[in-house]
Amino acid sequence: MKTAARAASIICADMKINGSVISEGSLQIDGIVDGDVSATDITIGASGQITGEVKAEVVKVKGKIRGSIRARKVELETGAHVKGDIVHSSLQIQSNAVFEGQVKHADDPLRETGPVAASEGKSMSSPAPSPAAFGISSQPS
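Below or above, wherever it landed, is the structure these notes cover.

How each quantity is defined
- Residues numbered from 1 in each chain as written.
- Predicted model: local features only at pLDDT ≥ 70, side-chain atom pairs only at ≥ 80, totals over all residues.
- Heavy atoms only, no water.
- Core = buried A, V, L, I, M, F, W, Y, C linked by side-chain atoms within 4.5 Å.
- Buried < 20%, exposed > 50% of the residue type's maximum accessible area, 1.4 Å probe, protein only.
- Helix = DSSP H or I, 4+ residues; strand = E, 2+ residues; numbered from the N terminus.
- Contact = heavy atoms within 4.5 Å.
- Salt bridge = Lys/Arg side-chain N within 4 Å of Asp/Glu carboxyl O.

Burial of nonpolar side chains together is a common tendency in soluble globular proteins. Ranked by size, the top nonpolar core spans 23 residues in total, and within it I42, V61 and I69 carry the most contacts. Taken together, the elements giving at least two residues each to this core come down to β4 (26–29), β7 (41–44), β9 (54–61) and β11 (69–76). Beyond its immediate chain neighbours, meaning those up to four positions away, I69 contacts V54, V59, V61, V74, V82, D85, I86 and V87.

What follows is the structure, given as structure tokens:
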């Protein structure tokens, strides 16, 4: 099978899908998906909403996600609203993007089974604080 450059599949703003969506290419979501979404590249437009797991090489969010994101590169753009955990290799959060959840860096986020709290993860040569500890020091002296 030849791999040719193709246009993204589009779920328009007037469309609602109940169930999982799987694509081997790029996917633009401007409508509502109530289910898991998997593709090579996923862009959630400003009017797009997903309730479920989002899994791709690259995920760009301008709309809303209620569920986990697993991707090598995650970009939360201005206006994005994400409520759920993110497992990533690269994460960018622009100003005025809203994120509620836990973040975990992984070399291969698409292969690991799920987010693990920092205290439960593998020992690392340079320990990092848990996401909840940022900005608040709760360690005794």
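Here the structure, examined in full by the defined rule, presents five salt bridges. Close ionic contact of E77 with K62 constitutes a salt bridge, the shortest N to O distance being 3.9 Å. Taken together, the positions of E77 in the loop between β11 and β12 (81–83) and K62 in the loop between β9 and β10 (64–66) put the pair 15 residues apart, joining distant regions of the chain. Judged by relative accessible area, E77 falls into the buried class, the value being 16%. For D108, the salt bridge is made with R72, and the minimal N-O distance between the two is 2.6 Å. In this pair, D108 sits in the segment after β15 (103–105) while R72 sits in strand β11, placing the two residues 36 residues apart along the sequence.

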